[in-house]
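For reference, the chains in residue letters:
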Amino acid sequence: MKNIAVIGAGTMGNGIAHTFAQFNYQVHLIDISQTSLDKGIATISKNLDRMVFKEKISEADKTNTLSNITTFTTLAEGVKNVDLVIEAATENTDLKTKIFKELDAVCSENTILASNTSSISITQIAAATNRPDKVIGMHFMNPVPIMKLVELIRGYNTSDAVMQSIIALSKAIDKTPVEVNDYPGFVANRILMPMINESIETLFNGVAGVAEIDTVMKLGMAHPMGPLQLADFIGLDICLSILNVLYDGFKNPKYAPCPLLVNMVMAGKLGIKSGEGFYDYSKSRKAEVIAKMFD
């Protein structure tokens, strides 16, 4: 497997493309928007510059990495002659199933189709294709070039051969693959999102403020980032979407999103990406508490 297509040039997509390109894979980065593609390449270049500055790679390594990425605005052209397609589009079930149906029609019959979904059923996505044995989940962690984990999700029909092939591929790009089964939220978000949701409930119920909750978790539980700041980093809309998948999948009230989270998303307070969430990012990415929201 040397030719990889990545669908979506956003945060996760450009991170996945960066990682494979850095390990000398030929990467086709696909997005319907040329502006998004240009922004994605600019982000990769900026991240590579940071690595050069830290002397982790050379200028030649940066040039080679960028030369390994080709951009496309049409799906059919972008997936020609690739061994693996990794979908990294918005966390939306209808959109993902639509993409996989189209991929099944235009890809070679031997191409493996993977989704970077963080919570949506791989079995459901695979059902939109005529190759469910060749569909798998590859849930990378953000930021992709730095984080070692890739959660590999086995759909109901995913073949052993495909799983073993993707395990080997993950190791080849210096990731640590962990195989999990296809249930809502998989492992990472089934554990993480209830913790974030409970942190929001703790704030909502007036037990403590934003900074206090995050400080307890950072200093008391040795978390590198507090759960409310992490929610801002992930995106509150993404957190809400994943919680809804968990709640719909298990029908268990413990997964019901906190009303404060629902209201913040409706108000457009999505975290870093909107400039405001539990913290204020209007002046920089450094989090400043928005005390007025919770007085």
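Please refer to the structure placed before this passage.
Cut-off values and rules
Residues numbered from 1 in each chain as written. Predicted model: local features only at pLDDT ≥ 70, side-chain atom pairs only at ≥ 80, totals over all residues. Heavy atoms only, no water. Helix = DSSP H or I, 4+ residues; strand = E, 2+ residues; numbered from the N terminus. Contact = heavy atoms within 4.5 Å. Polar contact = N/O pair within 3.5 Å; in protein donor to acceptor, adjacent residues only side chain to side chain. Axes fitted to C-alpha atoms, helices over the stretch in contact; angles between N-to-C directions. Parallel < 35°, antiparallel > 145°, perpendicular 65-115°, else oblique. Left-handed = near helix turned anticlockwise from the far one by under 90°. Nonpolar A, V, L, I, M, F, W, Y, C, P; charged D, E, K, R; others polar.

Novice: Break down the environment of Asn24 for me, citing the residues and quoting the values.
Specialist: Here Asn24 lies in the loop between α1 (11-22) and β2 (26-30). For the pair Asn24 and Ala172, spaced 148 residues apart in sequence, the C-alpha separation works out to 11 Å. Ignoring any residue separated from it by four or fewer positions in sequence, one finds Asn24 in contact with Lys2, Asn64 and Asn68. At a separation of 3.3 Å, a polar atom in the side chain of Asn24 contacts the side chain of Asn68.

Novice: Explain the packing of helix α8 (residues 188-204) against helix α11 (residues 236-250) to me, using residue names and the numbers behind them.
Specialist: Taken N-terminus to C-terminus, the directions of α8 and α11 make an angle of 110 degrees; their axes are 10 Å apart at the nearest point. Our classification of the angle between α8 and α11 gives roughly perpendicular. The interaxial crossing formed by α8 with α11 has left-handed handedness. Where α8 abuts α11, its residues Asn189, Arg190, Met193, Pro194, Ile196 and Asn197 lie against Cys239, Ile242, Leu243, Leu246 and Phe250. In the contact of α8 with α11, the residues fall into eight nonpolar, two polar and one charged.

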